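For reference, the chains in residue letters:
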Amino acid sequence: MQKYFDINEEGFSIRCKLYYNKDIHNLPNMVIATYGFGGNKDNKAVEKFADRITSKYHGYGVICFDWPNHGNDARNKLIMDECITYLHLVTEYAKKEFGAQKVFNYSSSFGAYITLRDLMEKGENPFTKIAFRCPAIKMFQTFDQGITDEERTKLSKGKEIIRGFERKIKITQDILDDMRDHDVSGADFMDYADDILMIHGTKDEMAKFEDTAEFCDNNVIELIPVENADHPFSNPNFMDFAIQTIITFFKPEKA
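Everything numeric here is computed off the predicted structure, so don't read it as measured data.

Colleague: Explain helix H3 (residues 110-122) here, please?
Modeller: Each turn of an α-helix holds 3.6 residues, which means side chains three or four residues apart point in the same direction. With 13 residues, H3 extends 18 Å between its outermost C-alpha atoms, agreeing within 8% with the 18 Å of an ideal straight helix rising 1.5 Å per residue. Burial analysis of H3 places 10 of its 13 residues in the buried class, the great majority of the element. Of the residues one or two after H3, Gly123 is the one with positive phi, at around 70 degrees.

Colleague: What is the right way to read the packing of helix H1 (residues 44-56) against helix H8 (residues 236-249) from this model?
Modeller: When two helices pack together, you describe them by how their axes are tilted relative to each other and by the distance separating the axes. Where H1 contacts H8, the two axes come as close as 10 Å, and the packing angle between them is 45 degrees. Relative to H8, the element H1 is oriented oblique. The handedness of the crossing between H1 and H8 comes out as right-handed. Between H1 and H8, the residues in contact are Ala45, Lys48, Phe49, Arg52, Ile53 and Lys56 and Met239, Asp240, Ile243, Gln244, Ile246 and Ile247, respectively. Looking at the contact of H1 with H8 residue by residue, the class counts come to seven nonpolar, one polar and four charged.

Colleague: In this structure, what is going on with the pairing of strand S9 (residues 196-201)? I would like to understand it.
Modeller: Every other side chain in a regular strand lies on the same face of the sheet, so the side chains alternate between the two faces. Burial of S9 is extensive: six of the six residues sit out of reach of the surface. The side-chain alternation of S9 yields two buried faces, one formed by Ile196, Met198 and His200 and the other by Leu197, Ile199 and Gly201. Where strand S6 (residues 130-135) lies against S9, four bridges are found, and the strand directions are parallel. Its bridge partner being in S9, Ala131 is matched across the sheet by Leu197.

Colleague: What am I meant to see in the packing of aromatic side chains here?
Modeller: Enumeration over the complete set of coordinates arrives at 16 aromatic pairs. Between Phe12 and Tyr86, the aromatic rings sit 5.5 Å apart at their centres with planes inclined by 75 degrees, giving edge-to-face as the arrangement. Of this pair, Phe12 sits in strand S2 (residues 12-19) while Tyr86 sits in helix H2 (residues 80-98), and the two are 74 residues apart along the sequence. With a relative accessible area of 13%, Phe12 lands in the buried category. An aromatic cluster is defined as three or more aromatic residues linked by ring pairs; in this entry it consists of Phe49, Tyr57, Tyr60, Phe104, Tyr106, Phe249 and Phe250. The lysine or arginine in question, Lys129, covers the ring of Phe249, its NZ or CZ lying 4.8 Å from the ring centre. The ring of Phe233 has Arg133 lying over it, and the distance from NZ or CZ to the ring centre is 5.2 Å.

Reading the values: the criteria
- Every chain is numbered independently, its residues counted from 1 as its sequence is written.
- Side-chain atom pairs in this predicted model are given and counted only at pLDDT of 80 or more, local residue features only at pLDDT of at least 70, and totals for whole chains, interfaces and linings cover all residues.
- Hydrogens and water are ignored here; the side-chain numbers use all heavy atoms of the structure.
- Per the convention used, a helix needs a DSSP run of H or I reaching at least four residues, while a strand needs a run of E reaching at least two, with both numbered from the N terminus.
- Working rule for helices: expected span equals 1.5 Å times residues minus one.
- Remark: exposure states derive from per-residue accessible area (1.4 Å probe, protein chains only) relative to the maximum for the residue type, with buried under 20%, exposed over 50%, and partly exposed in between.
- To obtain an axis, a line is fitted to C-alpha atoms, over the contacting stretch when the element is a helix, and the angle between two such axes runs from 0 to 180 degrees between their N-to-C directions.
- Every angle not falling under 35 degrees, over 145, or within 65 to 115 is termed oblique; those three ranges are roughly parallel, roughly antiparallel and roughly perpendicular.
- Should the near helix be turned anticlockwise from the far one by less than a right angle, the crossing is termed left-handed; should it be turned clockwise, right-handed.
- Whether two residues are in contact is decided by their heavy atoms: any pair within 4.5 Å suffices.
- Nonpolar residues are Ala, Val, Leu, Ile, Met, Phe, Trp, Tyr, Cys and Pro. Charged residues are Asp, Glu, Lys and Arg, and all others, Gly as well, are polar.
- Strands were regarded as paired on the criterion that DSSP finds at least two bridges between them.
- Ring pairs are drawn from Phe, Tyr and Trp, using the six-membered ring of Trp, whenever the two centres fall within 6.5 Å, and their geometry is named by plane angle: stacked under 30 degrees, edge-to-face over 60, tilted for the rest.
- To sit over a ring, a charge needs its Lys NZ or Arg CZ within 6 Å of the ring centre and within 35 degrees of the ring normal.

What follows is the structure in structure tokens.
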């Protein structure tokens, strides 16, 4: 089952989508699911994951939400710090309003970068377990590699370039500088390593598999390579494998 709702706190209105099986009042385990840049809360990969985990385990829910300036979000500018605020507010809401005793995080690409950045900046982990699929470990480089010479000229003059899919998102030099200045790739995450799982395709054309492999090696984090999988895991068999692996990682203690 699905339910749309808004979180109105601290001057923000966060558009959310909840997945659950039968009882919305019995969700002691909540997964916060985030997606890549330019996506939205109606993400099909998240929906497939949510349908399977809520069917397999009792008392599990999944919340997906629109990042700032994504989907139906009311904000017309992307600010990285506000992305972190959204993640924090949704996590706390899951605990306060749904009574979640354990909160998990399943994030991919841009969402994985925001989650890692949150851990790096706050120095604590609010999640029981975290699973990343195709994480953008080097977010700045992921963006930078796709910028044309013409776009660089625009940025140097203080103008915007456009990225995104259904909703166009304005990117400025300030945003790129922010990503560059908040590089998670060299940070120390060893204190959280036992609670993190990485899944990455070896043929990822956007976020390099080698960056994730180096990151996991440096932090003693388990990495599961998926041979020939691309960035979105467009092969259904690869996506099914990733979802099943993450569901098993998030299983209840007595399951």
